[in-house]
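What follows is each chain in one-letter form.
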Amino acid sequence: MAELYSRKINRKLLKKQRIIAVAAGREPADLVLKNATYVNVFSNQLCQGDIAVAEGLIVGVGEYHGAQEVDVVGKLVLPGFLDAHIHLESSLVKPAEFAKAVLPHGTTTVVTDPHEIANVMGVDGILYMMEATENLPVDVRFMLPSCVPATPLDESGAVLDYRAIDELFDHPRVQGLAEMMDFPGVIHGNDMVIEKIVAAQAHHKKIDGHAPMLQGNDLNAYMAAGVYSDHECFDVDDAIAKLERGQYIMIREGTAAHNLEALLPLLCPQYADRCMFCCDDKHPSDLLEIGHIDSMVKFAIDHGVDPIIAVKVACHNAARYFLLNNRGAIAPGYLADFVVIDNFEAFNILQVYKKGELMVDGGVVKPFPVPQVEPQLEAIAHNTFHVAPLKAEDFAETRPLAVIGMVDGEITTVDAGYAQGVGADILKMAVIERHKNTGHIGLGYLKGYGLKSGAVATSISHDSHNIIVVGTDETEMSLAANSILEMNGGIVVTDGGAVTAALPLAVAGILSDAPIEQVNAQLEAAKAQAVTQGVSARVDPFMTLSFMSLSVIPTLRLTTRGVFDVLRQRYV
């Protein structure tokens, strides 16, 4: 053992000595970007020089020669981009497919919260994502889920207290405790909530927040507990109030939430150093057609933000916050993660380098090894449905049920009274517990969805990911739900007693085994079919439905036990 350790130390010694020799100009670099104009995040200016790379690190900026020399005259070199908060599961594909999608957009590091898959598989879900992201050309760092389940009302696949996740804080890619959604639990000193915070602090880890519109002494209490970031700000006054107290603001622009335009005033010298970019959730079509962090940088620049400020917010600030001290800058000792663009105005990404290796050239991603997940974990992930086949009678109810009224363009809802049958844009909705075969089926009605025939079902229902189905009659609802079971998870549209569109999501019922392009095509076809059957064009048929069970968003939600009033904290 001592000999093995000695050899390891010797290899590191030799590597370090070579890095120093190349930096000093005594040996040629592995790669030199010649005649580079690059963003200097320390002096806040564009600088010029050759950028030398050895052993995956930037070793110097100045005048260098190397085994490979690439002339980048007339172009701009930026540090690789960093997404400060994302749920990889929102892409609906395995992490390797996610990496293929974001690399062409200049993303070289992401910080993920795997709470979606953890709500299905518990710690096994976290381990699954760790193995599936090992050595990807996009560095995936982890924040451990803080709220599994999101609330005690949810019937998820697991309950994670601090003991369940404590050992994982020592994993080299774990940065801290993920978004603390249970801010009331923090403010009131709930034992289980505070135990997780104390555990994270004992490991000297970051703690991310999730506290929309929290203010005054409640905000003080939340921060005093140790929560120092927030990604839920959709109003600049809310963001500044938190920033003035010392919170870092993660400016979010995702598929569901669009906050960048409202928070653009933060991207100025007074506030920008406390800001980061994040996406939170990104569906396949957005990743393939709109972009990732690069689209946020471009939007900011197009709307008058200083380009260097926009770039710093896209990389350096998040690296500093998460103590990822070797990335987010072009300087000696930093990872050789580069984005080469034509100019700030067009912002076309020409090449992307990861640790000095050209991974994207002209939009084409270089093939890379796909991490292999332990077979036992893969088997568990493909066997997460434990519920008997459903019958039409399972959705029958003669009593009046509460009606959840949708709000255009929002995931909030209103109390729309009671109904005793479908009609007048009133549809029956059900949430079916699928983790432990409890037989629990919560029933209610949904208003504003627009479906005129058939049913829509999905096993993506935040955050516990039970099966949620809405339909015009019980027979169609049972067909849609059973089709989800047959696929081991996914999205289904039915009509006239037949499946009219489907997207299988066999990994924990939330991820696909297929390439992202195929997943996107199936998802868009299912959306189009749902609209054909009457779903309002203003509604995302599946994302909207998936949030109807999240019992932390006002006003009414449907759980496996029935319709719940979030504001009054009681079933109705």
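Rules used in this analysis
Residues numbered from 1 in each chain as written. Predicted model: local features only at pLDDT ≥ 70, side-chain atom pairs only at ≥ 80, totals over all residues. Heavy atoms only, no water. Salt bridge = Lys/Arg side-chain N within 4 Å of Asp/Glu carboxyl O. Helix = DSSP H or I, 4+ residues; strand = E, 2+ residues; numbered from the N terminus. Buried < 20%, exposed > 50% of the residue type's maximum accessible area, 1.4 Å probe, protein only. Pairing = 2+ DSSP bridges. Axes fitted to C-alpha atoms, helices over the stretch in contact; angles between N-to-C directions. Contact = heavy atoms within 4.5 Å. 1 Å grid on protein atoms, 1.4 Å probe; cavity = no way out; pocket = protein on both sides within 12 Å on 5 of 7 lines; lining within 4 Å. Points joined across faces, edges and corners; volume = space filled by probe spheres on them. Nonpolar A, V, L, I, M, F, W, Y, C, P; charged D, E, K, R; others polar.

(A) Quick look at the pattern of salt bridges. Applying the stated rule across the entire model yields 27 salt bridges. The salt bridge involving D139 is made with K354; its shortest N-O contact spans 2.9 Å. Note that D139 is positioned in strand β8 (residues 139–144) and K354 in strand β15 (residues 349–354), a separation of 215 residues in sequence. Note on D139: relative accessible area 12%, which makes it buried. Residue classification places K354 among the buried positions, given a relative accessible area of 6%. A network of salt bridges, in which partner residues are shared, links R18, E27, D30 and E55.

(B) Examining the sheet that holds strand β19 (residues 413–419) more closely. What the 8 strands build is an open sheet, ordered β19-β18-β21-β20-β23-β22-β24-β25; its pairing is mixed. Lying at the two open borders of the sheet, with one neighbouring strand each, are β19 and β25 (498–504). Here the strands of the sheet are splayed against their neighbours by 25° on average, with no regard to which way each runs. Direction of pairing for strand β18 (residues 401–406) relative to β19: antiparallel, over a ladder of 5 bridges. Looking at β19, one finds that A402 is bridged to Y418. The strands that helix α16 (residues 474–486) touches are β20 (426–432), β22 (455–458), β23 (467–471), β24 (490–495) and β25; relative to β24, the one it contacts most, it runs at about 150°. Packing of helix α17 (residues 516–532) onto the sheet brings it into contact with β24 and β25, and relative to β25 it is tilted by some 145°.

(C) Layout of the layout of surface pockets. Put simply, the second largest pocket is a space of about 740 Å³. What lines the second largest pocket is a set of 31 residues, among which N135, D139, L335, K354 and K355 lie closest to the centre. Broken down by secondary-structure element, the contributors of at least two residues to the lining of the second largest pocket are α1 (2–23), β8 and β16 (357–361). No other element matches the 4 residues that α1 contributes to the lining of the second largest pocket. Residue classes in the lining of the second largest pocket are distributed as 13 nonpolar, 5 polar and 13 charged.

(D) Examining the sheet that holds strand β11 (residues 229–230) more closely. Taken together, the 3 strands give an open sheet; going across it, the order is β11-β12-β13, and neighbouring strands pair in parallel fashion. Of all strands in the sheet, those with a lone pairing partner are β11 and β13 (275–278), marking the two edges. Summarising the sheet, strand β12 (residues 248–252) and β13 pair through 4 bridges and their orientation is parallel. Its bridge partner lying in β13, M250 is registered against M276.

By themselves, these are just geometric observations and shouldn't be taken as functional.
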